[in-house]
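Examining the three-dimensional arrangement
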Amino acid sequence: MLSWNPAGLVRYAAGVSTEDGVVEFDDGFDYSPTETGPRFRRTKTTLRWLATLLAVAIVLLVLFIIWSTRRPFPQVSGEIEITGLDGDVEIIRDERGIPHIYASTIHDLFLAQGFVHAQDRFWQMDTWRHIGAGRISEMFGEDQVETDAFLRTMGWAELAAQQYETTSALGRDALAGYVAGVNALIATRSPAELGFEYTVLELVNRNYTPEPWTAIDSILWGKVMAWDLRGNMEDEIARSFLLDDFAPQEVELFYPPYPEDHPLIVGNSESRVPGPGLGSVPLDAVEAIAQASANAALVDRLTGNAGVGIGSNSWVIGPELSATGAPILANDPHLGIRMPSIWYQVGLHCMPKTAACPFDVAGFSFAGMPGVIIGHNDRIAWGLTNLGPDVTDLYVERLNPDDPLQYEVNGRWVDMDTQTETIEVAGGEPVDVEVRRTRHGPIISDDYGILEDFTDNAGIALPDEYAIALRWTALDQNPSLIDAVIGLNRATDFDAFRDALRLFEVPSQNVIYADIDGNIGYQAPGRIPIRSNGDGRVPVPGWTSEFEWVGFIPFDELPYVYNPAEGYIATANNPVVDGSYPHLLTTDWNYGDRAGRIVEMIEADSSIDLDDVAAMQVDNFNRHAVRLLPWFNGVDLLGADGTVIRAAEILSNWDLNNDADSAGAAIFEAVWRNLLELTFHDDLEEDIWPTGGSRWSLAVAGMLDYGRLRIWDDQTTQVIETRDDILPAAFQAAVAELRDLLGDNPDEWAWGRIHGAVFRNETLGESGVGLIEARFNRGPFPVGGGSDIVNAVGWYADEGYEVTWIPSMRMIIDLGDLSNSRAMHTTGQSGHAYNSHYQDMIEPWAAGDTWSVEWDRADIELGAEGKLVLVPADGPAG
């Protein structure tokens, strides 16, 4: 809580001391009352008045800031009248600010959820809906026009409107209640009363007023999340870039096959996931799209904007391996670090639970959407990780040189679908953007960053006049994600769970399951294309029909498992199935370091309790150090100084855990980062520099067996370097870097001192104005973990050591006693800077702690910080 002392503030602001009636200014001059005369007395009096006025002005400014930051805080106790309620609704907030909502009808339940979301997170909701609709410039001005242009090209707002039309009656009821709750709050508050951010925004955009919330706004956020988890679009582009500089055989070294000893999610067949192979793309396709020096390098994923290692962990332990005798389900989704958290914890309880009001659910929601995305009800629990199927393809469209609005289809020119989008710009004139679409989807080469230099960098042959269109399942008409979430929330067994997931088409996820009867399961849902040719690894010609999608994998043919013989299921973005599976999901799996470590820990313990699971979630063991450390320890350091020698000693004795206080971890990661820089930065386009993670670890480990690969040569020198030159150079560069960052004593180095988590507000926290950023951002906080470690506190090796993605929450559900469950998310429930729940979860999260998750109402009320009752303003409905 913010505290302040007005008298002390006056003295500090004016630069004076008022003790004993003596005025002393700290400016180097002597103003002691020894001089006499009216002129001095007038000067002295004037200075006193100026100092007083300045102090008062500062006090008033501070009071205004305090008032402005506090006025949006939510009312958590008492009563609020709301029009349209069917009856009273009780909202009990526990000691962490988590609301538990008790209502008698579906409408009232979701109205209250919308109300509390808006109380705590409306700025976040408002900016998210502007992102989804491509209307960011309306809030933040001309700097966002280019981003809006690309988002309008996607057409998410139109798709969301179409999806609403297909939403079930139950889903529409939930949306209607939710929308009513959001609008019940914003109708009674000025923008500044909704969030301190609006007070700041008013300094540059005085005309902005939030619009009423709509059902389309709620659906839009699902489209944004689908974009974040879209698959391998950047990978296709990167592969074509690599073919411009490397022969196919060389490119294969960058992308090793999935290791034989790393786990699958479903099945243990000896047939493994296929590695890269030049024969996987038909020759005629490669010639049509590339006509390069070789057919094509079919490679696994080269990470684009999402970043290598971003994914999630989840596992479920059956009763045979559980110390409780009941399943234990764990989940920690890995998403970009932000302020506030992407998650909002909530409980939704029908009182009583009936067929007409069937919800008794708690867990993690998105502010802006009704329902619980990840969590449990009174019968089942579920968790999500990204499946990562290949659901995007890039088509090179041949354009008519005489008419850029026509493209070729099987030998004839066809008109594109076009429309003009008008972008409203705060403080500027509207901007018109022409959106072009082909049969495959929107033309994105005009607006999408990495494609702007595609002509110069692509290692494939291109038509004289071309554009690139995106085919993506999320741009199709999909079932309502709202219906899928509502279905999960009310499912009572594995069959109902699977039925709900039939509607969970985009984004496709790994979904684990457990129930109170002792069953565990897994389902991979999603809209995953079947291709007539090719495997989606590289852009393909759009002017023929050879590479079209011919359908989608039927839901009943998608992988699932129920009560497997192993007694557990673990997912960490690793391959779901082996090469015997009849359909192509993707070739771009995570390489399984996290999955392998999770399975290793599960199989090492035949009686796993919740403490064990909590320890597993923050496990810092670095599996990729196992394969690289022998090379680092064998570096020739002849002639090195004492600091380098001591660093080498520390590294050789390191326990391979990336703990925050570990000097060995700091040295290893610094050597790794500098090795990647010295090896690849002179050979690769900056857009595809290595970011680290298990694929690069495996690739480099394979390359280290060959000391004279041309990749080792530093192109900026006049000599030809080999592996044995680059390894010691990387070690020396790492020690020099750590000296600059941490000082000359390696024994005082620590991974957490350079691997810090800074939680930034996604909008004003990136404003470039330090005074504003300081109001909203928090950190850095020293943390352990790393890329493709189970405690996946990730970083990009091409940018530095600062944390870029995190386990955005950690959840452990005890199906034997739901009140025994645990969770922790960042950063806190509140989106209001200086609220007590704005950052109260950061330090416990950084320490790897979890808090108990109250389920029984008596426990919730015991530690409650407030009880708010929403009452009908017009009397009970009916």
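Everything quoted here is computed from the prediction, not taken from an experiment.

In terms of helices and strands, the protein carries 27 helices and 32 strands. Across the 878 residues of the protein, 61% fall into the buried class. Contacts spanning at least 24 positions in sequence make up 72% of the contacts within the protein whose residues lie at least 6 apart. Taken as a whole, the protein presents about 33400 Å² of accessible surface, with 49% of it coming from carbon and sulfur.

Here we come to the state of the cysteines. Under the criterion given, the structure shown has one disulfide. Bridging cysteine 350 to cysteine 357, the disulfide has an S-S length of 2.0 Å. Classification of the bridge connecting cysteine 350 and cysteine 357 rests on its S-S torsion, roughly -75 degrees, and on that basis the disulfide is left-handed. Comparing cysteine 350 with cysteine 357, the two get one shared label, buried.

Right, let's talk about the nonpolar core for a bit. For soluble globular proteins, the rule of thumb is that nonpolar side chains tend to be buried together. Counting residues in hydrophobic clusters, the biggest one holds 208 residues, and the most contacted among them are Trp156, Trp472, Tyr522, Phe632, Phe731 and Leu870. Among the elements that line this core, the one with the most residues is helix H3 (residues 106-133), at 13 residues.

Residue position: serine 580 is located in the loop between strand S24 (568-571) and helix H17 (593-603). Residue serine 580 is classed as exposed on the basis of its relative accessible area of 51%. Here aspartate 578 takes part through its side chain, which lies 2.4 Å from a polar atom of the side chain of serine 580.

Attention shifts here to the packing of helix H7 (residues 169-186) against helix H15 (residues 481-490). Packing of H7 against H15 brings their axes to within 9 Å, and their N-to-C directions diverge by 95 degrees. What the angle tells us is that H7 and H15 run roughly perpendicular. Across the interface between the two elements, Leu170, Gly171, Ala174 and Leu175 of H7 pack against Ile482, Asp483, Ile486 and Arg490 of H15.

All right, on to the pattern of salt bridges then. Evaluated as defined, the whole model comprises 42 salt bridges. For glutamate 95, the salt bridge identified is with arginine 96, shortest N-O distance 3.6 Å. A relative accessible area of 47% places glutamate 95 in the partly exposed class. According to the relative accessible area criterion, arginine 96 is buried, its value standing at 11%. Aspartate 499 is the partner of arginine 502 in a salt bridge, and the nearest nitrogen-oxygen pair spans 3.3 Å. The class for arginine 502 is partly exposed, based on a relative accessible area of 34%. Look at the salt bridges and you will find they share partners, linking Asp593, Arg597, Glu600, Asp619, Arg623 and Arg627 into a network.

Turning our attention to unusual backbone geometry. Note that the residue after methionine 339, namely proline 340, is joined by a cis bond; omega there is -5 degrees. Within the secondary structure layout, proline 340 lies in the loop between strand S7 (328-336) and strand S8 (343-350). Residue proline 780 is reached from glycine 779 by a cis peptide bond, and omega for that bond is 10 degrees. One can find proline 780 in strand S26 (residues 778-782). Phi is positive for asparagine 563, which is not a glycine, with a value near 50 degrees. Tracing the backbone through its elements, the reader meets asparagine 563 in the loop between strand S23 (560-562) and S24. At asparagine 573, a residue that is not glycine, the phi angle is positive and equals roughly 70 degrees. Note on placement: asparagine 573 falls in the loop between S24 and H17. Relative accessible area serves as the criterion here: at 7%, asparagine 573 is assigned to the buried category.

What follows concerns the confidence of the model for the protein. For the protein, the average pLDDT comes to 88, and 87% of its residues sit at 70 or higher. Of the regions scoring below 50 in pLDDT, residues 1-35 engages in 38 contacts with residues more than four places distant in sequence or in other chains. Taken as a whole, residues 268-309 scores under 50 in pLDDT and shows 124 contacts with residues more than four places along the chain or in a different chain.

Calculation criteria
- Residues numbered from 1 in each chain as written.
- Predicted model: local features only at pLDDT ≥ 70, side-chain atom pairs only at ≥ 80, totals over all residues.
- Heavy atoms only, no water.
- Helix = DSSP H or I, 4+ residues; strand = E, 2+ residues; numbered from the N terminus.
- Buried < 20%, exposed > 50% of the residue type's maximum accessible area, 1.4 Å probe, protein only.
- Contact = heavy atoms within 4.5 Å.
- Areas by Shrake-Rupley, 256 points an atom, 1.4 Å probe, with all protein chains shown as cover.
- Disulfide = S-S within 2.5 Å.
- Core = buried A, V, L, I, M, F, W, Y, C linked by side-chain atoms within 4.5 Å.
- Polar contact = N/O pair within 3.5 Å; in protein donor to acceptor, adjacent residues only side chain to side chain.
- Axes fitted to C-alpha atoms, helices over the stretch in contact; angles between N-to-C directions.
- Parallel < 35°, antiparallel > 145°, perpendicular 65-115°, else oblique.
- Salt bridge = Lys/Arg side-chain N within 4 Å of Asp/Glu carboxyl O.
- pLDDT = per-residue confidence, 0-100.

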